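# Commentary on secondary and tertiary structure
So you can see what is in the structure, the chains are spelled out below.
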Amino acid sequence: MKILIDKCVELDEEGNYLINVAYMRVSTDRQAEQGYGLDIQEGQIMKYAKDNGFTNLVAFIDDGYTGTNMNRPAIKAIINLIKAFNDGRTKIRINFMVIPRIDRLARTMLGTLIFIQDYVVQKRDSKGSLVNNNRFDINFISTEEPYVNVDTNNPTNKLTLVMFAGLAEYDRDLIVKKLKDGRLLRVASGKWPGGGNLPKGYNYDKESGILVPNEEADKIKEAFRLFVDEHWPPLKISDRLGFKGERVVIQILKRKTYAGYILYNGQEFIGLHEPLITLQRWQEAQDEFERRSVGRNTKPDYLLAGLLVCGECGAKMRYQIWNNKTRECKIVCYSQQTTKKSLIKDENCDNEKYWQSEIEEAVISELFKYGKLLDPVKKEDKEGTTFDPVALLAEELKKEKRKLARLYDFDDDGDDDVLKDKIIESRRRIMSLTEQMEIEDAQKNITRRFNRTKNIFNNLEEGWDALSPKKKKDICRELIDRVVVYKNGTLDVHLRLESYMRKQ
């Protein structure tokens, strides 16, 4: 609140103190409202007040609030002042309410009209009963729009008010559309749309409009490695890397920005920024989330939780406690239960129920046998080669993205056909390089995981008994894709290693 004029006290016939109120507003989007700041608004209001002989004037100001929401401090203060007078709690009565322009009051037609009906005019129905609580009309003035005032007996005046309120909303919609279209063009060119909510691991370079890796970039890469390769839970990753809770880690692991993409308004674009991980690595993280969701409600000592599949109907199989004293379980097909109907594949499934120990021992035995058939991982396989095709492709991709950014800077008006052709060709090359990187990195990742899995097999039987139940379960989830259990008691153990071998 700001007192603009304070010359003398005015009273009405009932002894109420008459005051004049000015309302001003600027939104958070200063750029869209350039040239119409609070100083200009105040100047227009003061000129009107002096020309019309105001002896008192109090200004209520909302600095940095959008006009699309009526829940603003200064507007609420004016409303409370009106309500207090109508309820008899104060003798301060608003005589004039002056605004510089109708869009300062509200940027929606409905917001403007409801405010005027509820707090400005004394409205009565056909029987003469008050529709609202207003004891008097308030003289409502827009200094820039002299025809926008409240006269309930003048149809033309009411129509003009509605028209200007609608134009305020229309103008706001045009501004929003212009800003959205501008951001969409930026994103389509591979630049960051701007604004807050920057992904961790990046800073925003205003000059280039591109995300730039910062000192936390290595932590992002490590978070994906721990989650995908080591099967760490998000909370443990958060504690290790210093993030603020598991929710932050989950958001990081699900954000495709780290693979070089920008998501905007439900659309996906290739970004000019340097990826911190490959698209393959990001997809592996999403697959890991899905895999963990299958058995998240199972106990940690259930060795094959989430891996068991019925060979008769194709449904998942679960651990079910069969002896309350010993807590022994049987492996049961989900089709043979009624509580989770979405998991039923065949209500008539007649697969048998097997003791937990029988299935687990058979699977472990298969793992041990397979481990003996594999040759040990060679030293050169562990260390790899010095030539890294992914790194070379990444450098080429980085150069091409810089080239594309320069082309967009030159093509401001979009009228140069030669530049357009060069931009199209550059974007095609970026897509081609990205695809090559994904293929090479996928192969590299497959080889690395193949050797890692092979190494686990080589040492599995020797150290199995010393492992904790949780570690045994984690190893099974890393080695096994699924275990199919048939009615006759036979098992098919499908190993992840087999899929790596097919892809090599």
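Our structure's up above, just so we're on the same page.
This section reports on the structure supplied with the text.

Attention shifts here to the pattern of salt bridges. One pass over the structure, following the stated rule, counts 20 salt bridges. Residues arginine 225 and glutamate 230 are paired through a salt bridge, measuring 3.1 Å at the closest nitrogen-oxygen approach. The salt bridge partner of glutamate 400 is lysine 403, with a shortest N-O separation of 3.9 Å. In this pair, glutamate 400 and lysine 403 are both assigned in helix α12 (residues 389-410), three residues apart and thus about one turn of the helix distant. Using a relative accessible area of 8% as the deciding quantity, one classes glutamate 400 as buried. A relative accessible area of 39% means that lysine 403 is categorised as partly exposed. Connected through shared salt-bridge partners, Glu396, Glu400, Lys403 and Arg429 make up one network.

Turning our eyes to something else, we now look at the nonpolar core. In this structure, Ile220, Phe224, Phe227, Ile237, Phe243, Ile252 and Tyr258 are the most contacted members of the largest nonpolar core, which totals 44 residues. If you tally residues by element for this core, the top one is helix α6 (residues 217-228), at seven residues. If we skip the residues at most four places from it in the chain, isoleucine 237 touches Ala223, Leu226, Phe227, Trp232 and Val249. Within the second largest apolar cluster, 36 residues are counted, among which are Tyr319, Cys333, Ile480 and Val485.

With that settled, the discussion passes to the sheet that holds strand β14 (residues 354-355). The strands making up a sheet associate through hydrogen bonds between their backbones, and the pairing can be parallel or antiparallel. Strand order in the open sheet made by the three strands is β12-β13-β14, with antiparallel pairing throughout. If you trace the sheet from one side to the other, it starts and ends with β12 (317-323) and β14, each paired once. Two elements, strand β13 (residues 328-333) and β14, share two bridges in a ladder whose sense is antiparallel. Each residue of the ladder has a partner; that of isoleucine 331, found in β14, is tyrosine 354.

Attention shifts here to the sheet that holds strand β16 (residues 491-495). Strand order in this open sheet of three strands is β11-β15-β16, and the pairing throughout is mixed. Either end of the sheet is taken by a strand with one partner, and the two such strands are β11 (308-310) and β16. Each neighbouring strand pair of the sheet contributes to a mean axis angle of 25 degrees, computed without reference to strand direction. Bridge count between strand β15 (residues 480-485) and β16: five bridges; the pairing is antiparallel. Its bridge partner being in β16, valine 484 is matched across the sheet by aspartate 492. Helix α10 (residues 356-373) contacts β11, β15 and β16 of the sheet and is inclined by roughly 50 degrees relative to β16. Taken strand by strand, helix α15 (residues 469-479) contacts β15 and β16, and its axis lies near 90 degrees from that of β15.

Conventions used here
Residues numbered from 1 in each chain as written. Predicted model: local features only at pLDDT ≥ 70, side-chain atom pairs only at ≥ 80, totals over all residues. Heavy atoms only, no water. Salt bridge = Lys/Arg side-chain N within 4 Å of Asp/Glu carboxyl O. Helix = DSSP H or I, 4+ residues; strand = E, 2+ residues; numbered from the N terminus. Buried < 20%, exposed > 50% of the residue type's maximum accessible area, 1.4 Å probe, protein only. Core = buried A, V, L, I, M, F, W, Y, C linked by side-chain atoms within 4.5 Å. Contact = heavy atoms within 4.5 Å. Pairing = 2+ DSSP bridges. Axes fitted to C-alpha atoms, helices over the stretch in contact; angles between N-to-C directions.

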